[in-house]
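Below are the chains, spelled out letter by letter.
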Amino acid sequence: ELGLMGVLVPQEYGGAGLSYSEYVTVVEEISKLDGAIGLSVAAHNSLCTGHILQFGNEQQKQQWLPKLASGEWIGAWGLTEPNTGSDAGNMRTFAEQDGDYWVINGAKNFITHGKSGNIAVVIVRTGEVGDSHGMTAFVIEKGTKGFYAGRKEDKLGMRASETTELIFDNCRVHKDNILGKVGQGFIQALKILDGGRISIASLSLGIAQGALEESIKYSKERHQFNKPISDFQAISFKLVDMSTQIEAARLLIEKAAFLKDQGKKIQKESAMAKYYASEVAVNVSTEAVQIFGGYGYTKDYPVEKYYRDSKLCTIGEGTSEIQKLVISRAILK
């Protein structure tokens, strides 16, 4: 109802028509209360919907964006495979042309909305293994013969955001469902992931902010030795460090979002925002559990959920180590 499933989609396609600067606020605010819902909103907006918006032709935009922007349809995006992970160049899911159709076989895993999604953008191999111009992006609707969801992952955190396999068994997809040109899929994916990193950074920021706010509230309510524990330097200094890290992360994210809105290259900035903010989410949620003490280890209080949810942020859209590789290449170029 608020238009948050089509934040970045122009109004002519039924979206909210907002920029990345507003989008990061949306993801943060939702994630302050539930990181899993923030993750689903982020994946739907920046990955699936964002890919169609950025690389689809006019017919494809008219066909799919209104349903995605309204939330009538939920979107998934598939790049990762069981044996490749971040090594997308060696993906094994492949498509062979058969007249006006392409026949896809293989599997993707760790796919948000893989089961409940109505539509998925998937990148599959159409050329030689390892060829960056040998992959193509296809849009596949739910119900397409030979396309179905596999096992749902039983995860540590983010449990309200579904993660499954996508299976392709002689799945026939018409050539009109190709985004851009054949062979451009991997190049497109790299650009989509730049925005995806900002999404995960915003998700991380929301989790950290939520954990901080709960910690401040608890530290004022919890009394030991006849005074609130916030009066103890050991606790107040933790809150200082948590707050400072969050503000630093926020500035990195806002800069990356601003540059993206300007149409500038953001590979380094988005990687820095994602790397730092995700580490902050883990650090802050860990300290939150510590501030709550024994109660922080129970499900009676929310910080144990922030703690569990935060770890995905250092893994999703590329691990912290991957972000360091991206950043190091940029600053050493």
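Residues numbered from 1 in each chain as written. Predicted model: local features only at pLDDT ≥ 70, side-chain atom pairs only at ≥ 80, totals over all residues. Heavy atoms only, no water.

J.: Can you break down the packing of aromatic side chains residue by residue, with the values?
T.: Aromatic ring pairs: the centre-centre distance and the angle between the two ring planes describe each pair. Applying the stated rule across the entire model yields eight aromatic pairs. Taking 5.0 Å as the distance between ring centres and 70° as the angle between the ring planes, the aromatic pair formed by Y20 and Y23 counts as edge-to-face. Of this pair, Y20 and Y23 both sit in helix α1 (residues 20–31), three residues apart, which is roughly one turn of the helix. In terms of burial, Y20 and Y23 fall into one category: buried. With centroids separated by 5.7 Å and ring planes inclined at 75°, the aromatic side chains of Y218 and Y301 adopt a geometry described as edge-to-face. Placement of the pair is Y218 in helix α4 (residues 185–221) and Y301 in the loop between α6 (267–292) and α7 (303–313), with a sequence separation of 83 residues. For Y218, a relative accessible area of 6% gives the class buried. Cluster of aromatic residues (ring-pair linked, three or more members): Y218, F292, Y295 and Y301. Residue placement shows R172 over the ring face of Y101; its charged tip is 4.9 Å from the ring centre. (Phe/Tyr/Trp six-rings, centres within 6.5 Å; stacked < 30°, edge-to-face > 60°. Helix = DSSP H or I, 4+ residues; strand = E, 2+ residues; numbered from the N terminus. Buried < 20%, exposed > 50% of the residue type's maximum accessible area, 1.4 Å probe, protein only. Lys NZ or Arg CZ within 6 Å of the ring centre and 35° of its normal.)

J.: Can you break down helix α2 (residues 35–55) residue by residue, with the values?
T.: Residues spaced three or four apart along an α-helix face the same direction, because each turn holds 3.6 residues. End to end, α2 covers 28 Å across 21 residues, agreeing with the expected 30 Å (1.5 Å per residue, within 8%). The largest bend in α2 amounts to roughly 40° and is located at T49. Most of α2 sits inside the fold, with 18 of its 21 residues counted as buried. The distance from a side-chain oxygen at the start of α2 to the backbone nitrogen of A36 is 2.9 Å, and the residue carrying that oxygen is D34. (Expected span 1.5 Å × (residues − 1). Bend = angle between axes of the 7 residues up to and from the residue. Polar contact = N/O pair within 3.5 Å; in protein donor to acceptor, adjacent residues only side chain to side chain.)

J.: Talk me through the packing of α4 against α6; I want residue IDs and the actual numbers.
T.: Contact pair α4 / α6: the axes reach a minimum separation of 8 Å and the direction vectors enclose 25°. Considered as vectors, α4 and α6 are oriented roughly parallel to each other. In terms of crossing hand, the pair formed by α4 and α6 is left-handed. Here the contact of α4 with α6 is composed, by residue class, of 16 nonpolar, six polar and four charged. (Axes fitted to C-alpha atoms, helices over the stretch in contact; angles between N-to-C directions. Parallel < 35°, antiparallel > 145°, perpendicular 65-115°, else oblique. Left-handed = near helix turned anticlockwise from the far one by under 90°. Nonpolar A, V, L, I, M, F, W, Y, C, P; charged D, E, K, R; others polar.)

J.: Describe α1, naming the residues involved and giving the relevant values.
T.: The terminal C-alpha atoms of α1 lie 16 Å apart, and with twelve residues this matches the ideal 16 Å at 1.5 Å per residue to within 8%. Those residues of α1 that fall on the buried side of the exposure criterion are Y20, Y23, V24, V26, V27, E28 and S31. Buried residues in α1 make contact with α2, α4, α5 (233–261) and α7. Where α1 begins, the capping side chain belongs to S19, and its oxygen is found 3.3 Å from the backbone nitrogen of S21. (Contact = heavy atoms within 4.5 Å.)

The values reported here are purely geometric and, on their own, carry no functional implication.
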